[in-house]
Each structure stands twice: as structure tokens, then as C-alpha cells.
Amino acid sequence: MVDTPQPVGETLREIAARYGRDYETVRALAKRAGWPDPVGKRGGAYTYDPAAVDPIATAAYRRPTTELRPRRLYTAREIATATGISAGTIRADRTKKRADGTPRWPAPDDTDGPAHRWYGKTITAELKKRRTYSRAQRTTPQ
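Predicted, not measured: the structure shown is a model, and the values here were computed from it. (Residues numbered from 1 in each chain as written. Predicted model: local features only at pLDDT ≥ 70, side-chain atom pairs only at ≥ 80, totals over all residues. Heavy atoms only, no water.)

Draft legend 1. Summary view of the overall build of the protein chain. If you tally the helices and strands in the protein chain, you get six helices and four strands. Counted from the first residue to the last, the protein chain has its helices and strands arranged as α-α-β-β-α-β-α-α-β-α. Expressed as a percentage of its 142 residues, the buried residues of the protein chain come to 29%. The contacts in the protein chain between residues at least 6 apart in sequence include a share of 56% that link residues at least 24 apart. Surface exposure of the protein chain reaches about 9900 Å², of which carbon and sulfur atoms provide 51%. (Helix = DSSP H or I, 4+ residues; strand = E, 2+ residues; numbered from the N terminus. Buried < 20%, exposed > 50% of the residue type's maximum accessible area, 1.4 Å probe, protein only. Contact = heavy atoms within 4.5 Å. Areas by Shrake-Rupley, 256 points an atom, 1.4 Å probe, with all protein chains shown as cover.)

Right under this line is the structure:
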């Protein structure tokens, strides 16, 4: 048998698939300063070392985790304080749907009283689905 060398590195399309992002989003990230140099080429696409790409992609695409008590009920205002997502965003997201038809914010776990409340475990599960958006990370054309 002939040994076939295994491909080294990942293309931008493979990185996009691994992080669940659009190719154009990853391509834009690759244009920023700090993106690693290609380690090779496969077909017409450059390949990048996954170990060098991971810290950059993780910083750009992962939302920081928030410590919430799973069985405690939180109001929208308390969620805003703990996570940085405004109460207005929570109210707006309750009326919107994702592309797959699921709500962008879950229904409240408790509707008794003047404010709707969610369990910490519900909020934590929802935050894992959300993308990060940071104005400080964006680059704008001058």
C-alpha cells in the first residue's frame, strides 16, 4: 500500500463548519491582525493550524459564561445585570423567531407576580445558543 499523507490544517470553510458560522464571517475574521499564517494549501484554499486558530476564533465567537444558580428565578432586570444582555433585548427576543422557527428567547418559567421570571438553568441553556457581538472586536473601513 501507498501511504497517503493526511491533510495538515483546516481551510476557512472547515473552520466555519466547526464553529457553526458562515464562511464569509470566518473569512472576515481571517483578515484581522493576529490571524495565523497559512501552514499549507489544499486545492485552491489555504490551510491553517487549528491550534493557532482556536484561541482567536474562541475569543471572537464564544460568549463568556455567566454563573447563575440553576434553580433560582431571575427577572429580566436581574438577567441584564448578570449577563450584559439588556432587559429590552430579552423582551424583544421573546417575540422573534430564529431561522429554524424556534423562539429567540424561551418562555418564562414563572409568570406569577408582576414580573416574568426564568430559572438560571433556562438562561444558561439559552446563552449557549447566542452568538457574541462585540463592537470592540469589529473593524470598520476608514
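Draft legend 2. Focus on the environment of Ala115. Summarising the element assignment, Ala115 is placed in the loop between α5 (87-94) and β4 (117-119). A relative accessible area of 31% places Ala115 in the partly exposed class. Sequence-wise, Ala115 and Arg77 are 38 residues apart; in three dimensions their C-alpha atoms are separated by 9.5 Å.

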